[in-house]
Amino acid sequence: MMSMLTVGIDLAAQPKGTALCVVEWTGVEARVEECRLNVSDADIVAVSASADKVELDVPFGWPQMFVGAVTAHSQRESWPHATSLALRFRRTDLYIQTATLKWPLSVSSDRIACTAFRAAALLSRMEELYGPIDRLGSGRFVEVYPRAARDRWNIRSFDALIAETEDWLRLPKAVAASCSASDDCFDALVAALVTRAAAIALCDAVPEQHMEAAGVEGWIALPRPESLARLAS
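In short, a report on the structure.

Moving on, we come to the overall build of the protein chain. Looking only at helices and strands, one finds 10 helices and seven strands in the protein chain. The C-alpha atoms of the protein chain give 18 Å as radius of gyration, which agrees with the globular expectation for 233 residues (17 Å, within 12%). Each principal axis of the C-alpha distribution contributes one length, and for the protein chain these read about 60 × 35 × 35 Å. The 233 residues of the protein chain split such that 48% are buried. Counted over contacts in the protein chain with a minimum sequence separation of 6, partners at least 24 positions apart contribute 70%. On the protein chain, roughly 11,200 Å² of surface is accessible, and the fraction owed to carbon and sulfur atoms is 53%. Measuring between centres, the 23 positive side-chain charges of the protein chain sit 2 Å from its 30 negative side-chain charges.

Shown next as structure tokens:
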């Protein structure tokens, strides 16, 4: 099997707090090549050039109802009849809540919006380099939510992840120390693993009724419950 390089990025609004993890897959095992903090936009652009698939822990878009409402308001048109739920959450957020019983942050009403601003600029840059990005995740870039992935895999801590993957996941001591000490690095590692799941079709499919909206709002790649043990094979 040909090798694969996946990248997980735990994005923050600024480089401080942003973590990046690179994993090489051989078809037999996975080796973490690097995992580090304080990652700049230039770092992300550079690592994306050599990666097969890149996953970002940030919404790729906003709820369509929210965008329509704000656009109408800016043009002095009537505010549309819309529930708070429709204004706050995307279709993928509602799917995640149903699947995991936990709410993702709202990109229209929580502070993650500041991180989404950075992501939108980054994705625009990536489109200049690589062409249109499929926000459903079928191309080079895909959206991830590490907390939901850990819930799907029943992973509560870094030590629990190591116990479940010790047969095939190789981590240098420095990387293990970083992931143990930093939740951001841990989430970046989880994101890199979910990236592999997305690349080999081990994530939930986008429901047909949400395809059109998700193509605009973005869609979170949610790994199947049994997928962790199958990633390296």
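Additional details are given in the paragraphs that follow.
On to the pairing of strand β3 (residues 30–36). Strand residues, when the strand is regular, have side chains that alternate between the two faces of the sheet. Where strand β2 (residues 19–25) meets β3, six bridges bridge the pair, whose relative direction is antiparallel. The residue of β3 that forms the bridge with Cys21 is Cys35. Counted along the chain from β2 to the antiparallel partner β3, the turn is four residues long, and its residue Gly27 has a positive phi close to 95 degrees. Bridge count for β3 against strand β6 (residues 169–170) is two bridges, and the pairing is parallel. Pairing of Arg31 across the sheet is with Arg170, part of β6.

This part covers the nonpolar core. With 35 residues, the main nonpolar core has Trp25, Leu189, Leu193 and Leu231 as its most contacted residues. Going through the elements one at a time, β2, β3, β5 (141–144), α6 (146–153), α7 (158–165), α8 (173–181) and α9 (183–199) are the ones with two or more residues in this core. With 10 residues, the single largest contributor to this core is α9. In contact with Leu193, other than residues within four places in its own chain, are Trp25, Trp153, Leu161, Leu169, Leu228 and Leu231. Counting residues in hydrophobic clusters, the runner-up holds 24 residues, among them Val45, Ile112, Leu123 and Ile133.

Mapped onto the elements, Ala213 comes out in helix α10 (residues 211–217). Counting along the chain gives 152 residues from Ala213 to Gly61, while the straight-line C-alpha distance between them is 10 Å. Among residues more than four places away in sequence, those in contact with Ala213 are Gln64 and Arg91.

This part takes up the sheet that holds strand β1 (residues 4–10). In spatial order, the strands read β6-β3-β2-β1-β4-β5-β7; together these seven strands make up an open sheet with mixed pairing. Two strands close off the open sheet at either side, each with one partner strand: β6 and β7 (220–221). As paired elements, β1 and β2 share seven bridges and run antiparallel to each other. Bridge pairing in β2 links Leu5 to Glu24.

Definitions and limits used
- Residues numbered from 1 in each chain as written.
- Predicted model: local features only at pLDDT ≥ 70, side-chain atom pairs only at ≥ 80, totals over all residues.
- Heavy atoms only, no water.
- Helix = DSSP H or I, 4+ residues; strand = E, 2+ residues; numbered from the N terminus.
- Rg over C-alpha atoms; globule rule 2.2 N^0.38 Å.
- Buried < 20%, exposed > 50% of the residue type's maximum accessible area, 1.4 Å probe, protein only.
- Contact = heavy atoms within 4.5 Å.
- Areas by Shrake-Rupley, 256 points an atom, 1.4 Å probe, with all protein chains shown as cover.
- Lys, Arg positive; Asp, Glu negative; His and termini not counted.
- Charge placed at Lys NZ, Arg CZ, Asp CG, Glu CD.
- Pairing = 2+ DSSP bridges.
- Core = buried A, V, L, I, M, F, W, Y, C linked by side-chain atoms within 4.5 Å.

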